[in-house]
Amino acid sequence: MLFLFDETHLYEEFSQIFDVSSFSNLMYKITEMSQISFYDFNQAYGFALDSKNEWIQRAELIPWHTLERSYARMFPAKVGNVAKPLRMVLGALIIQAKKQLSDAKLVQELTENPYLQFFIGLPAFQSKKPFDSSSLVGFRKRLNVAFMQEANALILSALEEVNDGAPLPVETKENVGTEILDATCAPSNVRFPRDTSLLNEARTQLEGMIDWFHKQYGFEKKPRTYRRVAHKEYLAFAKTKRPGAKKIRATVRKQLGYVARDLRYLADYMQDGYALAPKFTNKYLIITQLVAQQQYMFDHHTHQVDHRIISLSQPFLRPIIRGKAKAKTEFGTKFDVSLDTNGFARIEKLSFDAYNESTVLEEAVENYKERTGFYPERILVDQIYRTKKNRAYCKEHGIRMSGPKLGRPAKEPQDKQISQQDNADRIEVERFFSLAKRCNGMGLIMTKLPETVMSSIALSVLVTNLFALPTGTFFVLYVV
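Within each chain, residue numbers correspond to sequence positions counted from 1 in written order. Local features in a predicted model are, by the rule used here, given only for residues with pLDDT of at least 70; side-chain atom pairs are given and counted only at 80 or more, and totals for whole chains, interfaces and linings are based on all residues. To obtain the side-chain values, all non-hydrogen atoms of the structure were included, while hydrogens and water were left out.

K.L.:
I keep staring at the overall build of the protein chain and nothing clicks. Help me out?
P.N.:
When you go through the protein chain residue by residue, the secondary structure sums to 16 helices and eight strands. Three exposure classes are used, based on accessible area relative to the maximum for each residue type with a 1.4 Å probe and protein chains only: buried under 20%, partly exposed in between, and exposed over 50%. Of all 480 residues assigned to the protein chain, the portion counted as buried reaches 45%. Reported accessibility uses the Shrake-Rupley method at a 1.4 Å probe radius. Residues are deemed covered only where the shown protein chains occlude them. Entry remark: accessible area of the protein chain is about 25,900 Å², with carbon and sulfur atoms responsible for 53%. Secondary structure is summarised from DSSP: a helix means a run of H or I of at least four residues, a strand means a run of E of at least two, and numbering begins at the N terminus for each.

K.L.:
Is there a simple way to explain the pattern of salt bridges in this structure?
P.N.:
Just to be clear on terms, a salt bridge is a Lys or Arg side-chain nitrogen sitting within 4 Å of an Asp or Glu carboxyl oxygen. Evaluation of the coordinates by the stated rule reveals 16 salt bridges. Two residues, Arg227 and Asp211, come together in a salt bridge whose shortest N-O distance is 3.1 Å. In this pair, Arg227 is assigned in helix α10 (residues 227-238) and Asp211 in helix α9 (residues 195-217), connecting sequence segments 16 residues apart. By relative accessible area, Arg227 is classed as partly exposed at 29%.

K.L.:
I keep staring at the packing of aromatic side chains and nothing clicks. Help me out?
P.N.:
Two measures describe an aromatic ring pair: the distance that separates the ring centres and the angle between the ring planes. The aromatic pairing rule takes the rings of Phe, Tyr and Trp, using the six-membered ring of Trp, and pairs them if the centres are within 6.5 Å, calling planes under 30 degrees apart stacked, those over 60 edge-to-face and the rest tilted. Taken as a whole and judged by the stated rule, the model has 19 aromatic pairs. Summarising the aromatic geometry, the rings of Trp64 and Phe119 are spaced 5.8 Å apart at their centres and angled 85° between planes, so their arrangement reads as edge-to-face. Placement of the pair is Trp64 in helix α3 (residues 64-72) and Phe119 in helix α6 (residues 114-119), with a sequence separation of 55 residues. Each member of the pair, Trp64 as well as Phe119, is classed as buried. A connected cluster of aromatic rings, assembled from ring pairs, spans Trp212, Phe213, Tyr217, Phe219, Tyr269, Tyr274 and Phe280. A ring has a charge above it when a Lys NZ or an Arg CZ is no more than 6 Å from the ring centre and no more than 35 degrees off the ring normal. Over the ring of Phe298 we find Arg249, and its NZ or CZ is 3.8 Å from the ring centre.

K.L.:
I keep staring at the side chain of Glu330 and nothing clicks. Help me out?
P.N.:
Tracing the backbone through its elements, the reader meets Glu330 in strand β4 (residues 329-339). Assessed through its relative accessible area of 16%, Glu330 is described here as buried. Residue contacts follow a heavy-atom distance rule, with two residues in contact if any of their heavy atoms lie within 4.5 Å. Among residues more than four places away in sequence, those in contact with Glu330 are Cys185, Pro187, Arg318, Pro319, Ile320 and Arg322.

K.L.:
I would appreciate a short explanation of helix α16 (residues 450-466) in the present structure.
P.N.:
A helix is expected to span 1.5 Å for every residue after the first. For α16, which comprises 17 residues, the first-to-last C-alpha distance of 25 Å matches the rise-based estimate of 24 Å (1.5 Å per residue) to within 8%. Burial analysis of α16 places 15 of its 17 residues in the buried class, the great majority of the element.

K.L.:
Please explain the packing of helix α4 (residues 86-99) against helix α5 (residues 103-112) as it appears in this structure.
P.N.:
The description of two packed helices rests on the angle between their axes and on the distance between the axes. Angles shown run from 0 to 180 degrees and are taken between the N-to-C directions of axes, each axis being a line fitted to C-alpha atoms and, for helices, limited to the stretch in contact. At a minimum axis distance of 10 Å, the contact between α4 and α5 shows a crossing angle of 110°. With respect to α5, the axis of α4 lies roughly perpendicular. Of the two elements, α4 crosses α5, and the hand of that crossing is right-handed. For the pair α4 and α5, the contacting residues are Ala92, Ile95, Gln96 and Lys99 in the first and Asp103, Leu106, Glu109 and Leu110 in the second. Along the lines of polarity and charge, the residues of the contact of α4 with α5 split into four nonpolar, one polar and three charged. Angles below 35 degrees are treated as roughly parallel, those above 145 as roughly antiparallel, those between 65 and 115 as roughly perpendicular, and all remaining angles as oblique. Put simply, a crossing is left-handed when the front helix is turned counterclockwise from the back one by less than a right angle, and right-handed when it is turned clockwise. Under the grouping applied here, Gly and all other residues not named as nonpolar or charged are polar, the nonpolar ones being Ala, Val, Leu, Ile, Met, Phe, Trp, Tyr, Cys and Pro and the charged ones Asp, Glu, Lys and Arg.

K.L.:
Would you mind showing me how to read the confidence of the model for the protein chain here?
P.N.:
It should be kept in mind that the predicted coordinates are not to be read in detail where pLDDT is low. pLDDT is defined as a per-residue confidence score from the predictor, taking values between 0 and 100. With 84% of its residues at a pLDDT of 70 or more, the protein chain shows a mean pLDDT of 86. By mean pLDDT, the top-scoring element of the protein chain is helix α12 (residues 278-300) (96), and the lowest-scoring one is strand β8 (residues 475-477) (36). Scored below 50 in pLDDT, residues 1-8 makes 26 contacts in the model with residues more than four places away or belonging to other chains. Across residues 473-480 the pLDDT falls below 50, and counting only partners more than four positions away or on other chains, this stretch makes 25 contacts in the model.

K.L.:
How do you make sense of helix α14 (residues 388-396) when you look at a structure like this?
P.N.:
Note that an α-helix has 3.6 residues per turn; residues three or four places apart therefore point the same way. Those residues of α14 that sit buried are Asn390, Tyr393 and Cys394. One face of α14 carries all of its buried residues, which in axial projection span an arc of 95°. Opposite its buried face, α14 presents the exposed residues Lys388, Lys395 and Glu396, each directed more than 90 degrees away. Of the surrounding secondary structure, the elements contacted by the buried residues of α14 are α13 (361-372), β6 (378-380) and β7 (400-401). Directly beyond the C-terminal end of α14, a positive phi value near 70° is found at Gly398. It is the directions from the helix axis to the C-beta atoms that the arc portrays.

K.L.:
Explain the pairing of β4 to me, please; I cannot follow it from the model alone.
P.N.:
Across a regular strand the side chains alternate sides, sitting on one face of the sheet and then on the other. Burial analysis of β4 places ten of its eleven residues in the buried class, the great majority of the element. When DSSP finds at least two bridges between two strands, those strands are taken to pair. Bridge count for strand β2 (residues 178-187) against β4 is eight bridges, and the pairing is antiparallel. Directly across from Pro187, in β4, lies its bridge partner Gly332. Two elements, β4 and strand β5 (residues 345-351), share six bridges in a ladder whose sense is antiparallel. Looking at the pairing, Lys334 lines up with Ser351 of β5.

K.L.:
I would appreciate a short explanation of the side chain of Arg386 in the present structure.
P.N.:
By the secondary structure assignment, Arg386 is in the loop between β6 and α14. Distance and chemistry together define a polar contact, namely a pair of N or O atoms within 3.5 Å, with one atom able to donate a hydrogen and the other to accept it when in protein, and with adjacent residues in sequence counting only for side-chain atoms on both sides. A polar side-chain atom of Arg386 sits 3.5 Å from the main-chain carbonyl oxygen of Asp382. Arg386 has contacts with Val381, Arg391, Met401, Ser402, Gly403 and Pro404, leaving out every residue within four places of it along the chain.

K.L.:
Honestly, the packing of α4 against helix α7 (residues 135-142) in this entry has me stumped. Any pointers?
P.N.:
For the pair α4 and α7, the least separation of the axes is 10 Å and the interaxial angle reads 100°. Taken together, the axes of α4 and α7 are roughly perpendicular relative to one another. Here Val89, Ala92, Leu93 and Gln96 of α4 come into contact with α7, specifically with Leu136, Phe139 and Arg140. Classifying every residue of the contact of α4 with α7 gives five nonpolar, one polar and one charged.

K.L.:
I keep staring at the environment of Ala458 and nothing clicks. Help me out?
P.N.:
Mapped onto the elements, Ala458 comes out in helix α16. The class of Ala458 is buried, set by a relative accessible area of 3%. Each C-alpha atom of the pair Ala458 and Asn144 lies 8.8 Å from the other, and the pair is 314 residues apart in sequence. When neighbours within four sequence positions are excluded, Ala458 is seen to be in contact with Val145, Met148 and Ile347.

K.L.:
Is there a simple way to think about unusual backbone geometry in this case?
P.N.:
Leaving glycine aside, a negative phi is the common case for residues, and trans is the common case for peptide bonds. Despite not being glycine, Gln100 shows a phi value in the positive range, around 55°. When you line up the elements, Gln100 lands in the loop between α4 and α5. In this model, His307 sits at a positive phi of 55°, which is unusual for a non-glycine residue. Relative to the elements of secondary structure, His307 occurs in the loop between α12 and β3 (318-321).

As structure tokens, this is what we get:
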């Protein structure tokens with residue numbers, strides 16, 4: 001199977017759209033358009049890289065220079081240090097997601113592995129680290145979810161050619177292909193949100209703010225915060241194996257009192273004209289909202305409140321009720337994914353808040369039509385998508401929705417075989433979720449900022465698509 005990637009033709013197309021010379025004096029410099037071959041990769045002692053290595057093959061599937069034009073537009077300034085090339089930035093994040101490495105371990109791997117150095121675009125093997133581990137934070141902020149989805153779309157175009165997918169007919173009024181749609185949750189690395197632990201954490205941070213006020217402005221006497229008593233009471237509760245409802249409520253009441261006292265102290269300081277440090281401002285507002293939610297739930301004897309905060313470090317996360325056997329409730333980001341006929345995935349919706357998946361079906365089908373020019377012949381979904389509105393939409397556009405029809409059960413053997421085949425084919429999306437969570441970093445999102453959490457999920461989908469084909473199913477023809 002042959003894959004031809006003509007970068008010279010690609011450069012000519014972009015030269016007609018953009019003024020390439022205008023990028024030469026910016027904070028980002030476009031790299032040379034000639035693609036380095038693994039035969040030209042300069043290794044010590046004249047060793048050559050193995051062309052069958054998966055990192056060599058995957059590197060040639062990514063249209064680096066096409067993405068580099070979008071990346072270069074992120075640097076409009078003409079002064080400042082020159083940024084790292086796109087291939088180094090995106091390549092490093094792909095390696096990190098695939099190997100599930102920390103920032104420090106990733107830099108160490110890059111300094112030891114020549115195949116990984118080729119993947120990120122280095123011209124020769126070097127023992128010096130290409131960048132510091134702290135730079136990865138900026139990389140993740142820069143490559144947001146929109147850029148990751150654009151990269152995923154371009155990579156899928158290349159993968160479909162390599163996979164030798166059946167071409168869609170040019171002139172037909174019939175629906176073509178299959179679309180699979182399902183939702184999941186990418187859990188974040190947060191502690192299980194117990195009310196007592198959240199209030200104890202809030203109390204500790206408020207006590208630190210009070211200490212900062214006295215150190216910064218030289219107050220003579222600190223107010224009574226009863227921090228030792230509060231800490232002792234929380235430890236006694238935390239060590240209880242099975243606390244009852246009365247003990248939990250009593251502990252929450254006590255912690256609410258300690259936190260409310262600390263908030264009054266801080267409010268008095270700020271009313272007297274003393275300013276809170278900028279590094280504490282956002283945390284102070286989050287704690288104020290948390291205390292208001294906890295006080296409402298305590299007064300109304302409930303455990304539900306709108307936009308409930310489950311983590312002080314990531315207040316944008318929400319509890320996502322999935323009803324799974326392993327964990328009924330997950331704490332992370334919910335998103336819908338659609339799989340096309342070739343088994344490649346695209347994110348249809350991404351949200352921190354819980355939502356009804358059935359509302360995504362129409363938009364996902366329209367996106368399929370925009371990409372291919374046709375509506376799908378069938379769409380494979382689970383029960384939650386089979387609403388009357390979605391059934392009417394699919395019937396209007398001639399799309400067969402999986403699952404039993406409304407009314408009496410079908411008795412024809414052919415209908416039963418079709419239903420069984422649909423259920424078997426729909427398992428493909430579950431396999432994709434399992435692979436992305438087990439092998440490509442979606443199982444536990446380690447990033448903390450809302451933009452980096454979303455981009456990490458989009459990166460995991462991209463990496464799962466990129467490594468969908470087994471090695472050895474294609475080879476690369478280099479263009480000089």
